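Letter by letter, the chains look like this.
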Amino acid sequence: MPERTPFIGGNWKMNTTAREAVELAAGVAQGVKADGPHDPQVAIFPPFVWLGMVDDAIRGSQLRLGAQDCSPHANGAHTGDVSLAMLEEVGVSCVLVGHSERRHGLAEPPERIAAKLHAVLGAGLTGVLCIGETLQEREAGQTDAVNESQLRSALRGLSIVGPDRLVIAYEPVWAIGTGRTASAGDAQAAHRHIRGVLGTLLGSTTAGSIRVIYGGSMKPDNAAELMAQPDIDGGLIGGASLKADQFLAIVDAARREGKAQPAAGTHRGHR
Ligand code: PGA
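Residues numbered from 1 in each chain as written. Predicted model: local features only at pLDDT ≥ 70, side-chain atom pairs only at ≥ 80, totals over all residues. Heavy atoms only, no water.

Colleague: What exactly am I supposed to notice about the overall build of the chain here?
Modeller: Each helix and strand in the chain was counted, giving 11 helices and eight strands. For 271 residues, the compact-globule estimate of 2.2 N^0.38 gives 18 Å, and the C-alpha radius of gyration of the chain, at 17 Å, lies within 12% of that figure. Dimensions of the chain, computed from the C-alpha atoms along their principal axes, are close to 45 × 40 × 35 Å. By residue count, 53% of the 271 residues in the chain fall in the buried class. Put simply, of all contacts in the chain between residues at least 6 apart along the chain, 73% involve residues at least 24 apart. Split by element, the accessible area of the chain, about 11,200 Å² in all, is 52% carbon and sulfur. With 25 positive and 29 negative side-chain charges, the chain shows a separation of 2 Å between the mean positions of the two kinds. (Helix = DSSP H or I, 4+ residues; strand = E, 2+ residues; numbered from the N terminus. Rg over C-alpha atoms; globule rule 2.2 N^0.38 Å. Buried < 20%, exposed > 50% of the residue type's maximum accessible area, 1.4 Å probe, protein only. Contact = heavy atoms within 4.5 Å. Areas by Shrake-Rupley, 256 points an atom, 1.4 Å probe, with all protein chains shown as cover. Lys, Arg positive; Asp, Glu negative; His and termini not counted. Charge placed at Lys NZ, Arg CZ, Asp CG, Glu CD.)

Colleague: Sorry, what's going on with unusual backbone geometry here?
Modeller: It is generally the case that most residues other than glycine have a negative phi and that most peptide bonds are trans. Positive phi is not limited to glycine here, since Ala107 has a value of about 50°. Tracing the chain through its elements places Ala107 in the loop between helix 4 (100–103) and helix 5 (110–122). Phi at Ser217 takes a positive value of approximately 55°, unusual for a residue other than glycine. By secondary structure assignment, the location of Ser217 is in the loop between strand 7 (211–215) and helix 10 (220–227).

Colleague: Would you mind showing me how to read the pattern of salt bridges here?
Modeller: Pairing between side chains of opposite charge can happen when their charged atoms approach one another. Tallying each qualifying case throughout the model produces 18 salt bridges. We note a salt bridge from Glu23 to Arg19, for which the minimum N-O separation is 3.3 Å. Of this pair, Glu23 and Arg19 both sit in helix 1 (residues 18–31), four residues apart, roughly one helical turn. Arg138 serves as the salt-bridge partner of Asp186, at 3.4 Å between the closest nitrogen and oxygen. On the criterion of sequence distance, the pair formed by Asp186 in helix 8 (residues 184–202) and Arg138 in helix 6 (residues 135–139) is long-range, its members being 48 residues apart. With relative accessibility at 37%, the residue Asp186 sits in the partly exposed group. Taking relative accessible area as the criterion, Arg138 reaches 22% and is therefore assigned partly exposed. Taken together, the salt bridges that share partners define one network made up of Arg4, Arg192, Arg195, Asp231 and Asp233. (Salt bridge = Lys/Arg side-chain N within 4 Å of Asp/Glu carboxyl O.)

Colleague: Can you walk me through the site of the ligand in this structure?
Modeller: Taken together, 13 residues are adjacent to the ligand, and Lys13, His99, Glu171, Gly177 and Ser217 come closest. At a separation of 2.7 Å, an oxygen atom of the ligand approaches a polar side-chain atom of His99. Within the backbone of Gly238, a nitrogen or oxygen atom sits 2.8 Å from an oxygen atom of the ligand. Coverage of the ligand by the protein chains reaches 96% of its 280 Å² of free accessible surface. Comparing atom positions with the cavity grids shows the ligand to sit within the second largest pocket. (Near = heavy atom within 4 Å. Polar contact = N/O pair within 3.5 Å; in protein donor to acceptor, adjacent residues only side chain to side chain. 1 Å grid on protein atoms, 1.4 Å probe; cavity = no way out; pocket = protein on both sides within 12 Å on 5 of 7 lines; lining within 4 Å. Sits in = over half its atoms within 2 Å of the grid points.)

Colleague: What should I look at first to understand the packing of helix 7 (residues 143–155) against helix 8 in this one?
Modeller: For any two helices packed against each other, the geometry is given by the interaxial angle and the distance between the axes. Closest axis-to-axis distance for the helix 7/helix 8 pair is 10 Å, and the angle between their directions is 35°. Seen from above, helix 7 lies across helix 8 with right-handed handedness. Here helix 7 contributes Asp144, Asn147, Glu148, Leu151, Arg152 and Leu155 to the contact with helix 8, which in turn contributes Ala190, His193, Ile194, Val197, Leu198, Thr200, Leu201 and Leu202. (Axes fitted to C-alpha atoms, helices over the stretch in contact; angles between N-to-C directions. Left-handed = near helix turned anticlockwise from the far one by under 90°.)

Colleague: I'm lost on the side chain of Gln229 in this one. Help?
Modeller: Considering the arrangement of structural elements, one finds Gln229 in the loop between helix 10 and strand 8 (234–237). Looking at Gln229, its side chain comes within polar contact range of the main-chain oxygen of Glu225, at 3.3 Å.

Colleague: What is the right way to look at helix 8 in this model?
Modeller: Think of an α-helix as 3.6 residues a turn; residues three or four steps apart then line up on the same face. The first and last C-alpha atoms of helix 8 sit 26 Å apart over 19 residues, in line with the 27 Å expected at 1.5 Å per residue. When helix 8 is considered as a whole, its buried residues turn out to be Ala184, Ala187, Gln188, Ala190, His191, Ile194, Arg195, Val197, Leu198, Gly199 and Leu202. Residues of helix 8 that are buried make contact with strand 5 (126–131), helix 7, strand 6 (166–170), helix 9 (204–209), strand 7 and helix 10. (Expected span 1.5 Å × (residues − 1).)

This is a description of form; function is not addressed.
Written as C-alpha cells, this is what we have:
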C-alpha cells in the first residue's frame with residue numbers, strides 16, 4: 001500500500017487586508033520545506049482578490065496556492081464567478097469545493113458541487129472536496145450516511161487521473177470555527193468510513209492513496225493527536241491558518257507524524 005504524503009491547507013476565508021495577505025503568505029512560505037520524504041504538501045487558500053499578489057510573494061517556494069471556490073463554467077455570463085482558467089493564470093493549483101460555508105451557508109446544491117469538482121479535475125488541478133455532517137445529523141446518528149451521500153453525489157462518473165489530484169476534507173460542520181474539535185477517535189472512525197466509501201466508488205488501491213484530511217478547529221495543540229490516527233492524512237485549517245507561527249506549528253506536527261512512521265508496512269504504510 002502506498003504511503004500518503006500529508007496535506008495541510010490554510011483556508012483564510014474572507015480575512016486579511018492586501019498587506020496582511022502578502023506578509024502572512026511570505027511568512028508561511030519561509031517555513032515550508034519539501035526536501036524530506038515526510039514533508040507535507042502545504043497549500044494556502046487566500047481570498048480571490050489577493051491571489052495574484054500572494055502568488056508573487058510565494059514564488060520560488062514549496063508552498064502551493066489554492067482558491068476557496070471556482071465556477072463550474074469555462075466562461076460567459078456568470079456575474080461574480082471566477083473561472084478555473086483565471087485561477088490558473090494567477091498560479092492556483094488546487095481548489096476547495098463544497099466547503100460547508102457554501103454548501104450550508106449559501107445553499108449550494110450537490111449538483112453544483114459535483115460540477116465544480118469535475119471541472120477542477122478536468123482542468124488538471126487538485127480538488128479538495130469538503131464533506132461533513134451538521135450537529136443535528138450527528139445527533140441523529142447520520143454522520144456516516146451524510147458523508148457517504150456527499151461523496152457519492154460529488155464523485156459520480158468521475159475518473160481520477162491520479163490519486164494525488166483529489167483530497168477529501170472531512171469537516172464536521174459543528175466543529176468549524178467553534179473551538180469544538182471532534183475527538184481523535186470519532187474523527188478516525190469517520191475517516192475510516194470515508195475511505196471505505198472511496199474504495200467502493202474508486203477501488204481500494206485508489207482509496208488507499210487519496211488523502212483524507214480533517215478540518216474543524218484544528219490547532220497546534222490538537223493537531224498531532226488527530227494526525228496520529230491511521231486514516232487522518234493532514235488538516236484543513238481555518239482560524240489557526242491566519243497566524244504564520246500557528247499554521248507552521250501544525251505543518252510541523254504533520255512532518256513529525258510523518259517522520260514517526262516506521263517504514264512502509266505498518267501504520268501509515270499499511271493502508
Ligand atoms: P476552523 O475552520 O479551523 O476555523 O474551524 C476550518 C475550515 O472551515 O476549513
